[in-house]
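# Structural characterization, general
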Amino acid sequence: MEILALILLIIFFILPMPLRETVQSAVVRQAVIAPFHGIQRGGDMPVEGFPEAATRPAGPTKNSDAEFPYELTAMSAIVTDVASGQTIFDRHANDVRPLASITKLMTALVFLDTNPNWAETLTLTIDDERAGHLYVDTGETLSLRDLFYVSLVGSSNNATVALSRASGLSSDAFVAAMNKKASDLGMTRTRFTEPTGLDSRNVSSAEDTAILLGAALEEPLIAQATTMASYNARIVGEKKKRLIKNTDMLLTRGVALRVAGVEGGKTGYIPEGGYNFAVQVHDAANHNLRIVILGAADPFARFIEAQDLAE
């Protein structure tokens, strides 16, 4: 076995550099990403980080797949200039795909429309339970403000359901309000059936998702929540606050940050849709870009590809 390993090592180092880098990237990618393919439904959750070897050097921004210099695993994507509204890059941006937890941006917008009393508290019930990374448990009581941040920062599904319940609207009325707001925003390829994104019938296009992200980031509380690497939530009756980690690896530095700044974003994942990411960033010259990745191949690719598209 040792002799075989030595032979393989020698072969690796006599390979031409481009081929060597390809082999190295493939090995690293397989070793780090393979464990995530069995992740549970709605399992978008914080992960610890991607090796530096997986980062790429800067390249030019292009407006078509043929001109784009990097691998793009996303099934659909769009890049828009925030100031002008111009589309800079488009891959199947009108295709309808499962939105997953990016849905929570619309849930937050509708909840804000109800003018909530942030100091009010709510106890989570068994009816709020959903799959995925939760952070809070049935029977625990939080303020509406803490529930709001747990929903957006940690992408907690039961906190999100509890928020919709706290709105005072019935489940059907809340979903109807989500769809009405989508229509009012001009999101013609979007449809919601529930507030978390676990249902694959929550669908949108990359173009519509960019519209949703823009509307969400106009709300200061959403912009704040989606730029926090973590949040300390207070559970009523507990002395120690609970640490909620953001699922956006550009904020937690799980992926090397190559843009000047992140102005807000949201991740999403369900098996039917793959790995999604909507983000607004700015470069060193303060140009603002809105980027949507839908259906990337793995939990790291969406962050790498979003930054590739920003360059």
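Values in this document were obtained by computation on a predicted structure and should not be read as measured data.

### Here's the deal with the overall build of the protein
Assigned secondary structure in the protein consists of 10 helices and 11 strands. Looking at the protein as a whole, 52% of its 311 residues qualify as buried. Sequence-distant contacts, at least 24 apart, represent 64% of the contacts inside the protein between residues at least 6 apart.

### Remarks on the side chain of Asp146
Inspection of the secondary structure assignment puts Asp146 in helix α4 (residues 144–153). The buried charged residue Asp146 lacks any salt bridge, with Arg234 as its nearest oppositely charged partner at 6.0 Å.

### Concerning the confidence of the model for the protein
On average, the protein scores 85 in pLDDT, and the residues at 70 or more come to 78%. Here residues 15–40 is modelled with pLDDT under 50, and outside its nearest four sequence neighbours on either side it reaches 31 contacts, counting other chains as well.

### Regarding the environment of Phe111
Note that Phe111 resides in helix α3 (residues 103–113). For Phe111, a relative accessible area of 0% corresponds to the buried category. For the pair Phe111 and Arg165, spaced 54 residues apart in the sequence, the C-alpha separation amounts to 9.5 Å. Setting aside residues no more than four positions away along its own chain, Phe111 makes contact with Pro116, Trp118, Leu144, Phe148, Leu163, Ala166, Ser167 and Phe174.

### Let's talk about the sheet that holds strand β10 (residues 274–282)
Strand order in the open sheet formed by 5 strands is β2-β1-β11-β10-β9, with antiparallel pairing between adjacent strands. At either end of the open sheet lies a strand with only one pairing partner, and these are β2 (87–91) and β9 (261–270). Here the average twist between neighbouring strands, direction ignored, is 5°. Here strand β1 (residues 76–81) pairs with β2 via 4 bridges, running antiparallel. If you follow Ile78 over to β2, its bridge partner there is Asp90. This element, helix α7 (residues 206–217), spans β1, β9, β10 and β11 (288–296) of the sheet and lies at about 130° to β11.

Analysis parameters
Along each chain, numbering runs from 1 in the same order as the chain's sequence is written. It should be noted that, the model being predicted, local features are given only for residues of pLDDT at least 70 and side-chain atom pairs only at 80 or more, the latter also being counted only at that level, while totals for whole chains, interfaces and linings use all residues. Computation of side-chain values covers all heavy atoms of the structure but excludes hydrogens and water. The way it works is that DSSP assigns letters per residue, a run of H or I at least four long becomes a helix, a run of E at least two long becomes a strand, and they are numbered from the N terminus. Exposure is judged per residue with a 1.4 Å probe applied to protein chains only, and the accessible area is read against the type maximum: over 50% gives exposed, under 20% gives buried, and values in between give partly exposed. Residue contacts follow a heavy-atom distance rule, with two residues in contact if any of their heavy atoms lie within 4.5 Å. Neither His nor the chain ends contribute to the count of charged residues, in which Lys and Arg are positive and Asp and Glu negative. By definition here, a salt bridge exists when the distance from a side-chain nitrogen of Lys or Arg to a carboxyl oxygen of Asp or Glu is within 4 Å. How sure the predictor is of each residue is captured by pLDDT, a score from 0 to 100. Strand pairing follows a simple DSSP-based rule, namely that at least 2 bridges must link the two strands. Axis angles are defined between N-to-C directions and span 0 to 180 degrees, where every axis is a line fitted to C-alpha atoms and, for a helix, only to the segment in contact.

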